[in-house]
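Topology and contacts: notes
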Amino acid sequence: GAVVSQHPSWVICKSGTSVKIECRSLDFQATTMFWYRQFPKQSLMLMATSNEGSKATYEQGVEKDKFLINHASLTLSTLTVTSAHPEDSSFYICSARDLPGHYNYGYTFGSGTRLTVV
Amino acid sequence: DAKTTQPNSMESNEEEPVHLPCNHSTISGTDYIHWYRQLPSQGPEYVIHGLTSNVNNRMASLAIAEDRKSSTLILHRATLRDAAVYYCILRDHGGNKLVFGAGTILRVKS
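Residues numbered from 1 in each chain as written. Chains lettered and ligands numbered in written order. Predicted model: local features only at pLDDT ≥ 70, side-chain atom pairs only at ≥ 80, totals over all residues. Heavy atoms only, no water.

Quick look at the interface of chain A and chain B now. Interfaces are often sized by the amount of accessible area the parts lose when they come together. Contacts between the two partners involve 17 residues from chain A and, on the opposite side, 16 residues from chain B. Across the interface of chain A and chain B, roughly 1,300 Å² is buried in total on both sides, 49% from carbon and sulfur atoms. Inspection of the region where chain A meets chain B yields one salt bridge. Between glutamate 59 of chain A and lysine 97 of chain B there is a salt bridge, with its nearest N and O atoms 3.0 Å apart. At the junction of chain A and chain B, the tally comes to six residue pairs in polar contact (both at pLDDT 80 or more). Among the elements of the structure, strand E4 (32–38), strand E9 (90–97) and strand E10 (107–109) of chain A are those that each provide at least two residues to the side of chain A that touches chain B. (Contact = heavy atoms within 4.5 Å. Buried area = accessible area lost by both parts, 1.4 Å probe. Salt bridge = Lys/Arg side-chain N within 4 Å of Asp/Glu carboxyl O. Polar contact = N/O pair within 3.5 Å; in protein donor to acceptor, adjacent residues only side chain to side chain. Helix = DSSP H or I, 4+ residues; strand = E, 2+ residues; numbered from the N terminus.)

Written out as structure tokens, the structure is:
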């Protein structure tokens, strides 16, 4: 089945530094990937839609200059949290969708990245 | 996106069936009904999805009301590994994103 690999699974960084999270579709190509954030005991909140070869589409209220998204290939999207602060500490999850018409035309999620900013 | 309403939590005994309800009274004709579940500290996992007819797969069954304003996810024999948050999500056929609601916390007792 479709597999999405997310790396790292957890990271601790100092306040003011930047952190990059990678999301890879291992056995399928994804023109579209999605980034979510989840705070403890809350549901997933969609942050942005990442489109291969073009700019990401951010949800309302999400700062695009703070959460930089790059989707340079059909198998890799990255989320960079710039100038991280403690309030950015959260569980970040990516999702990828296979190409239309393909067997795995559904949504596959990564295992998530736990970010702690100290 | 059309909204869904689910109970905050449910409890089941191991080895017994579980029926997880979802109300979606504002569903449109092109909305697909998706179910995902999330185990602690993991990303969501696909469970099942359907449009109008009932659906079965190796994980669960999805029963969709005739008017499509509600649906029920059925786990035929709950195990401890089924303890998770279950999300019922509507996605428009032409839409691209999944928007999660609060979900139902399923607890399974041994």
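Residues and elements named next belong to chain B. Tallied over the full model, the rule gives seven salt bridges over all chains. Measuring nitrogen to oxygen at the nearest pair gives 2.0 Å for the salt bridge that ties arginine 77 to glutamate 15. With arginine 77 in the loop between strand E7 (70–75) and strand E8 (84–92) and glutamate 15 in the loop between strand E1 (9–13) and strand E2 (18–23), the pair connects residues that are 62 residues apart, well separated along the chain. Residues joined in a network through salt bridges with shared partners are Arg37, Glu45 and Asp82.

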